[in-house]
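# A structural walkthrough
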Amino acid sequence: MTLNDAAAARLDDLQHQHLKRALLPCPVSGRAFDFSSNDYLCLSTHPEVVDAGMAMARRYGAGATGSRLLSGNLDCFEQLEAQIARFKQAEAALLYATGYQANSSGLAALLDKTLWAGQEPLVFSDRLNHASLHHACQLAGVKQLRFRHNDFEHLTELLNKHRGSEQPKIIVTETVFGMEGDLLLVEELAELALGHRAVVYLDEAHATGVWGPEGRGLGALQTPAIEALKAMGHWVVMGTFSKGVGVSGAYIACSAVLKHYLLNRSTGFVYSTAPSPFVVGAIGKALELIPALEPDRQTLQTNAQALRDMLHAMGFNTGLSNTHIVPVLVGQASHALALKDHLLQLGIRASAIRPPTVPPHTARVRLALNTGHHGLHVHALVEALRHWSTHPSAHSSDVNLG
Ligand SMILES: Cc1ncc(COP(=O)(O)O)c(C=O)c1O
């Protein structure tokens, strides 16, 4: 069998299960009716953000020219990292080219046995953690003890089971879950972790810019337990610049010594070219703007609650959502594709999310609100969903799999 034959057969297989994916062109002019974008604060097109990116590229060039450890350590990176550390109320921060790299290689470095005098860490992971967090565990070759989503009773049970163990304990979770749209109880988690002297690794991909004090993320909350964990280096906060910040790239905010360890041992940092200076300039400006966007953040959450209320009144299930991310749970992958196509035919873009991104039988259409959505856009969305709910024939599995 040739590689082409094998790939074609695998794609046929995915198509039959309604799990095949395809790239769709995304017209910039249609952004207003786009509920699939993660540009929650519309900063990707903010003129000051774009100008700051261009100014930085003019000064330093379009590319960094190498890994930070070789030719790529421009002073703009060091300045941005100091800014990120202040933004996150952390001692230090390390910049990555993508969130996927930060998680898969940054977390993997924390789970490396050689860091812990040869002991394999016990990793307590939320069942719904992002793929990049799972891949970090695979890369490090560690087993995960998975707790039910956001279920601290279950987490406590697992932690208690290992209370006597000498192995280091690391709790890995997200502050805003990207596919459920629900929040972590950060203060409670910090108390629990402190009681077990566990390290906390938080993914703030969907919270950065949007949640927490002045949009700094929920990991920037200050409580005695969080401060105590920070003092031990046990409060490690990752986030992306690709969503609420509107650019691309990611950070790990942590202690200074841990930053130094990561820049030695995190392969996605060591063996990858540093981000473009454009990205650095744009992120720096977005971080300057974010604290003052409190009214936008409040409107975003008010709109999300109004949308959930309207969807519930029509009988839709929005699962656990209590943030700007509102999933419409439909169960089967074919139904999610059909609903996404129905919306697209009416000029509304949303994402069909299917296994393995979400657990089996929980396929959904994910609606992500942003500060550019106004009454008109939400009204059009609600009417399109009403049309779907009142035309049961639309639920047929005879769908376009494109
Ligand atoms: C929770 C979470 N973590 C990490 C990532 C990866 O971030 P990036 O898109 O910057 O690679 C994503 C993106 O989808 C995410 O949702």
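Residues numbered from 1 in each chain as written. Predicted model: local features only at pLDDT ≥ 70, side-chain atom pairs only at ≥ 80, totals over all residues. Heavy atoms only, no water.

Selection rule: UniProt positions are given in the numbering used here, feature names are shortened, and annotations may be inferred rather than shown by experiment.
In the annotation of an unreviewed UniProt entry, the entry for the protein reads 8-amino-7-oxononanoate synthase, and the organism field reads Limnobacter humi. The heading Sequence similarities (unreviewed entry) in the UniProt record of the protein holds the text "Belongs to the class-II pyridoxal-phosphate-dependent aminotransferase family. BioF subfamily." UniProt's Catalytic activity (unreviewed entry) comment on the protein is quoted here verbatim: "6-carboxyhexanoyl-[ACP] + L-alanine + H(+) = (8S)-8-amino-7-oxononanoate + holo-[ACP] + CO2".

## A few points about the sheet that holds strand β10 (residues 363-368)
Under the convention used in this document: A pair of strands counts as paired when DSSP detects no fewer than two bridges linking them. Note on conventions: DSSP H or I runs of at least 4 residues are helices, E runs of at least 2 residues are strands, and numbering of each starts at the N terminus. Think of each axis as a best-fit line through the C-alpha atoms, taken over the contacting stretch in the case of a helix, with angles from 0 to 180 degrees between the N-to-C directions. Contact between two residues is taken to exist if any of their heavy atoms lie within 4.5 Å; hydrogens are not considered.
Spatially, three strands are ordered β8-β10-β9 in an open sheet, and the strand pairing comes out antiparallel. The open sheet has two edge strands, β8 (325-331) and β9 (351-353), and neither has a second partner. Pairwise comparison of adjacent strand axes, ignoring direction, gives a mean angle of 30 degrees for this sheet. The pairing of β8 with β10 spans six bridges and is antiparallel. For Leu329, the partnering residue across the bridge sits in β10 and is Arg364. Taken strand by strand, helix α12 (residues 294-313) contacts β8 and β10, and its axis lies near 25 degrees from that of β8. Relative to β10, helix α13 (residues 333-345) is tilted by about 35 degrees, and along the sheet it contacts β8, β9 and β10.

## Quick look at the pairing of strand β4 (residues 169-174)
Threshold: For each residue, the accessible area found with a 1.4 Å probe, counting protein chains only, is set against the maximum for its type, and the residue is called buried under 20%, exposed over 50%, and partly exposed in between. For a crossover, the right-handed case is the one in which the path from the first strand over the helix to the second runs clockwise, viewed with the strands pointing away from the viewer.
β4 sits mainly inside the fold: six of its six residues count as buried. Residues Lys169, Ile171 and Thr173 line one face of β4 and the alternating positions Ile170, Val172 and Glu174 line the opposite face, and both faces are buried. Two elements, strand β2 (residues 122-126) and β4, share four bridges in a ladder whose sense is parallel. By the bridge assignment for β4, Ser125 is matched with Val172. For the crossover that starts at β4, traverses helix α7 (residues 186-195) and ends in the parallel strand β5 (residues 199-203), the hand is right-handed.

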